[in-house]
Amino acid sequence: MSHGPGGDNPYTRGVAAFVAGLTYERIPADVISRLKLLILDSLGCALYGTELPWSRILMATLGGLDETKACAVWGTDRRLSAPHAALVNGTLVQSFELDDVHRAGVLHVGAVTLPALVAVAELRPGMTGPDFLRAALAGYEIGPRVGLCMGPEHIGQGWHSGATVGVFAAAAGAAAGLRLSVDQTVHALGIAGTQAAGLMAAQYGAMVKRMHAGRAAQSGLYGAPLAEAGFTGIVDVFESPYGGFCSTFSRSHDRFNLGELTAGLGERFETFGVALKFYSCVGSNHTTLDAIGDIRKRRPFTMGELGRIVVHGSRVTADHVGWPYKPEGLTSAQLNLPYCVATLLLEGDVFVDQFTEEAVADRGRMELSRKVEVIEDPAITARGARYRHMVRVDVHLSDGSVHSETREAPRGSEHSFAPAEDIVNKFRKLTRAAIPKDQQEALIAAMLKVETLSDMRELIRLLRVSTS
C-alpha cells in the first residue's frame with residue numbers, strides 16, 4: 001500500500017479534485033474521438049438487450065413497483081424513476097457480454113458510467129454535448145483507476161469488480177454532470193463506495209450477474225444528488241484502514257496501491273485502455289479465440305484431427321473462465337472458455353446468433369469443450385494486471401503436431417483498437433432489430449457529433465422506441 005502526503009484522504013480528495021475541476025477544453029481531441037466511439041458501442045449493446053429474458057423480467061417487475069416516469073429505458077417506450085432507469089439501462093448495456101472492458105482495471109466502464117450520467121441529463125435539462133463528454137470522461141478515467149488500485153486479486157477473491165469498483169465510475173460521472181464541488185464530490189464517492197457489492201458466483205448461470213452493472217450505476221446516481229443536498233459520505237473511503245473500500249475488499253492493509261488512484265490524472269488517459277468486444281462473451285476469452293483463429297488460418301484442421309487444446313494464461317484467467325463447463329444458463333456459457341472455444345470451432349463465430357437457450361446444452365459443444373484445458377502460466381501471472389488476458393494456445397493434432405500462438409491482447413483491444421467503421425458496423429448489427437434504420441443512422445450521427453448538441457435530450461430521444 002502506498003501513502004501520499006498530507007491529510008487523511010489525499011487520494012479520495014485527489015480523485016474528487018480531478019472530477020470537479022475537469023473542463024472540456026482540457027481534454028485532448030484524440031481522447032474525445034475515442035470516447036465517442038466507446039459510448040456509441042455501449043448504446044448499441046443496450047439496445048440489443050431489450051428483448052432478452054432477464055431484461056424483460058427486470059423491466060416488468062420494476063414497472064410494477066415504480067409508477068414514476070422521470071427517465072427513459074433505452075430501446076423501449078418505458079419510463080421509470082431515475083434510479084430504476086439507471087438500474088435497467090446498466091443491465092441492458094451488460095446484458096449479453098458485448099460491452100467494453102478495461103482489462104487492467106477489470107471493469108466494464110460504459111455500463112456503469114453512462115446510465116447514471118444520462119439520468120442526470122434527463123433530470124437537469126440543458127446539459128450540452130461538451131458537458132456530457134466531460135462528465136463521461138470523469139467516469140471513464142476514475143473507474144479503471146480504482147480497479148488498478150485493487151489489482152486483479154480483487155476479482156480473484158470472488159468480488160465482481162463491475163459491481164464493486166463500478167460505483168466510483170458512476171459517482172464520478174454523475175458528480176461531474178451535476179458540477180459538484182470538490183467537497184461534494186468527496187461525499188458522492190463516499191456514499192457510492194459504501195454501497196459497493198457483487199459476487200462472482202453469479203457467473204455460473206444466474207441472471208443477477210447481468211444486473212451488477214446496473215446496481216453500480218444506481219449507487220453512483222444516489223451518491224451525487226445526495227451529496228449535492230448536503231448528505232455526507234465516507235470522506236476517506238479509499239484510505240480508511242478500518243472499513244475503507246480498499247482495506248475491506250482486499251482483506252488487507254497492503255494488497256492494493258492507492259497511488260494508482262491519482263497517477264497521471266489529466267495526463268495519462270485510461271480511456272485509451274478501454275477495449276471493445278467483437279465476440280459475445282466475457283473479455284477473458286477473446287485472446288484465446290483470436291489465437292485459435294490465427295492457428296486455423298495457418299493450419300486448417302477438422303474436428304476429427306483435433307486431439308486437445310491447452311490454453312496457458314494468468315491465474316485470474318484460469319479461475320475466472322477455465323472451469324469445466326456445465327449447462328447452467330447463457331451466462332455460464334458466455335463466461336466459460338472451453339465452451340466458447342467449442343462454439344468457435346463448430347459454428348465459425350462467437351457472436352449473438354451463436355448463443356441461444358437451446359445451445360446451452362448442445363451436446364456437440366459440450367463434448368468438444370472437454371478437449372480444452374485452461375492452466376495457469378506463472379510467467380503470465382507475473383506480468384501483472386495489464387497482461388491478465390495474455391495467453392499461449394497450443395493446439396495438439398492427431399498427427400502429433402502442436403501448433404501454438406501467443407496473444408497479449410485481442411482484436412478491438414487498447415493495443416489494436418478497431419477502426420471507427422468496424423465499431424459503427426457492430427452498432428448497426430446489434431440494433432437492426434431494435435430500432436428503425438433511419439433512427440439507427442440518426443443516433444450514429446448524433447453520437448459522433450455529440451459535441452455540437454445544445455441539449456443532450458436530443459440524443460436521449462433517439463434512444464427511445466415509439467409504439468405508436
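Here is what the cut-offs are and how they apply
Position labels on residues start from 1 in each chain and follow its written sequence. Local features in this predicted model are restricted to residues of pLDDT 70 or higher, and side-chain atom pairs are both shown and tallied only at a pLDDT of 80 or more, whereas totals for entire chains, interfaces and linings draw on every residue. Note that the side-chain values use all heavy atoms of the structure and ignore hydrogens as well as water. Values of pLDDT, which run from 0 to 100, indicate the predictor's confidence residue by residue. A contact between two residues is defined here by any heavy atoms of the two lying within 4.5 Å. Helix numbers and strand numbers start at the N terminus; a helix is a DSSP run of H or I with at least 4 residues, a strand a run of E with at least 2. The span expected for a helix works out to 1.5 Å for each residue beyond the first. Exposure classes here rest on a 1.4 Å probe applied to the protein chains alone. A residue is buried below 20% of its type maximum, exposed above 50%, and partly exposed in between. The directions considered for the arc run from the helix axis to the C-beta atoms. Salt bridge criterion: a side-chain nitrogen from Lys or Arg within 4 Å of a carboxyl oxygen from Asp or Glu. Note on patches: the residues involved have over 30% relative accessible area and no salt bridge, like charges join within 9 Å, and the nonpolar side chains Val, Leu, Ile, Met, Phe, Trp and Tyr join within 5 Å. To be clear on the numbers: accessible area is Shrake-Rupley with a 1.4 Å probe, and residue cover counts the displayed protein chains and nothing else. Under the convention used here, Asp and Glu are negative, Lys and Arg are positive, and both His and the chain ends fall outside the count. Lys charges are placed at NZ, Arg charges at CZ, Asp charges at CG and Glu charges at CD. To obtain each axis, a line is fitted to C-alpha atoms, and for helices this fit is confined to the stretch in contact; angles are then taken between N-to-C directions over 0 to 180 degrees. Comment on the angle field: the value is read as roughly parallel under 35 degrees, roughly antiparallel over 145, roughly perpendicular from 65 to 115, and oblique elsewhere. For a crossing to be left-handed, the near helix must be turned anticlockwise from the far one by less than a right angle; the clockwise case is right-handed. The nonpolar class holds Ala, Val, Leu, Ile, Met, Phe, Trp, Tyr, Cys and Pro. Asp, Glu, Lys and Arg form the charged class, and all remaining residues, Gly among them, are polar. N or O atoms closer than or at 3.5 Å make up a polar contact, with two conditions inside protein: a donor-capable atom paired with an acceptor-capable one, and, for residues adjacent in sequence, both atoms drawn from side chains. Here, nonpolar core refers to any group of buried Ala, Val, Leu, Ile, Met, Phe, Trp, Tyr and Cys residues whose side-chain atoms link them within 4.5 Å. Should DSSP find at least two bridges between two strands, the strands are regarded as paired.

This part is about the confidence of the model for the chain. For the chain, per-residue confidence averages 95 on the pLDDT scale, and residues scoring 70 or more make up 98% of the total. Contacts of residues 1-6 to residues separated by more than four positions or lying in other chains number 13 contacts, the stretch itself having pLDDT below 50.

With that settled, consider helix 3 (residues 53-65). Across its 13 residues, helix 3 extends 19 Å between first and last C-alpha, which sits within 8% of the 18 Å expected from 1.5 Å per residue. For helix 3, the full list of buried residues reads Trp54, Ser55, Leu58, Met59 and Leu62. Buried positions in helix 3, seen along its axis, are confined to an arc of 130 degrees and lie on one side of it. Residues of helix 3 that are buried make contact with strand 2 (79-80), helix 4 (82-93), helix 11 (208-228) and helix 15 (330-335).

What follows is about the pattern of salt bridges. For the coordinates displayed, the defined rule picks out 28 salt bridges. For glutamate 305, the salt bridge goes to arginine 299, with nearest N and O atoms at 3.0 Å. Among the ionic pairs, glutamate 408 bridges to arginine 383, the shortest N-O distance being 3.5 Å. Here glutamate 408 is found in the loop between strand 8 (402-407) and helix 19 (420-431), whereas its partner arginine 383 is found in the loop between helix 18 (378-381) and strand 7 (391-397), with 25 residues between them in sequence. Connected through shared salt-bridge partners, Glu97, Lys209 and Lys277 make up one network.

Judged by side-chain charge, Lys297, Arg411, Lys429 and Arg432 come together as a positively charged surface patch. Among the structural elements, arginine 411 can be located in the loop between strand 8 and helix 19.

Bringing the packing of helix 6 (residues 129-150) against helix 9 (residues 166-177) into the picture now. Two elements in contact, helix 6 and helix 9, have axes whose closest approach is 7 Å; the angle formed by their N-to-C orientations is 155 degrees. Comparing their axes, helix 9 and helix 6 come out roughly antiparallel. Regarding helix 6 and helix 9, the two cross each other, and that crossing is right-handed. Contacts between helix 6 and helix 9 involve Arg134, Ala135, Ala138, Gly139, Ile142, Gly143 and Val146 on the former and, on the latter, Phe168, Ala169, Ala172, Gly173, Ala176 and Gly177. Class assignment for the residues of the contact of helix 6 with helix 9 results in eight nonpolar, four polar and one charged.

With that settled, the discussion passes to the environment of arginine 386. With respect to the secondary-structure elements, arginine 386 resides in the loop between helix 18 and strand 7. Separated by 344 residues in the primary sequence, arginine 386 and serine 42 place their C-alpha atoms 22 Å from one another. Apart from residues no more than four positions distant in its own chain, arginine 386 is found in contact with Arg103, Ala104, Leu148, Arg268 and Glu270. Polar side-chain contacts of arginine 386 include one of 3.4 Å to the side chain of glutamate 270.

Here the phi dihedral of glutamate 97 falls at roughly 55 degrees; this positive angle occurs in a residue that is not glycine. If you check the backbone angles, valine 106 has positive phi at about 50 degrees while not being a glycine. The class of valine 106 is buried, set by a relative accessible area of 7%.

Attention now moves to the side chain of threonine 12. The topology assignment puts threonine 12 in helix 1 (residues 10-21). Among all residues touching threonine 12, those that are not within four sequence positions of it are Val186, Leu189, Val235, Asp236, Val237, Phe238 and Glu239.

Ranked by internal contacts, the top residues of the largest apolar core, which has 108 residues, are Val19, Ile39, Phe132, Ile142, Phe168, Phe245 and Leu459. Considering every element that reaches this core, the biggest residue donor is helix 6, with 11 residues. Discounting residues that sit within four places of it in the chain, phenylalanine 132 has contacts with Ile39, Leu114, Leu117, Val118, Met127, Val450 and Met456. Counting residues in hydrophobic clusters, the runner-up holds 45 residues, among them Leu52, Leu345, Phe355 and Val372.

Another aspect to go through is helix 4. With 12 residues, helix 4 extends 16 Å between its outermost C-alpha atoms, agreeing within 8% with the 16 Å of an ideal straight helix rising 1.5 Å per residue. Counting buried positions along helix 4 yields 11 of 12 residues, so the element is predominantly enclosed.

The next subject is the sheet that holds strand 8. Spatial ordering of the open sheet is given by 6-5-7-8, a layout of four strands whose pairing is mixed. Looking at the sheet topology across the chains shown, the edges are occupied by strand 6 (372-376) and strand 8. When the angles between neighbouring strand axes are averaged without regard to direction, this sheet yields 15 degrees. Note: strand 5 (residues 306-313) against strand 6, five bridges, orientation parallel. Bridging across to strand 6, isoleucine 309 finds its partner in valine 372. Set on the sheet, helix 13 (residues 286-298) makes contact with strand 5, strand 7 and strand 8; between it and strand 8 the angle comes to about 135 degrees.

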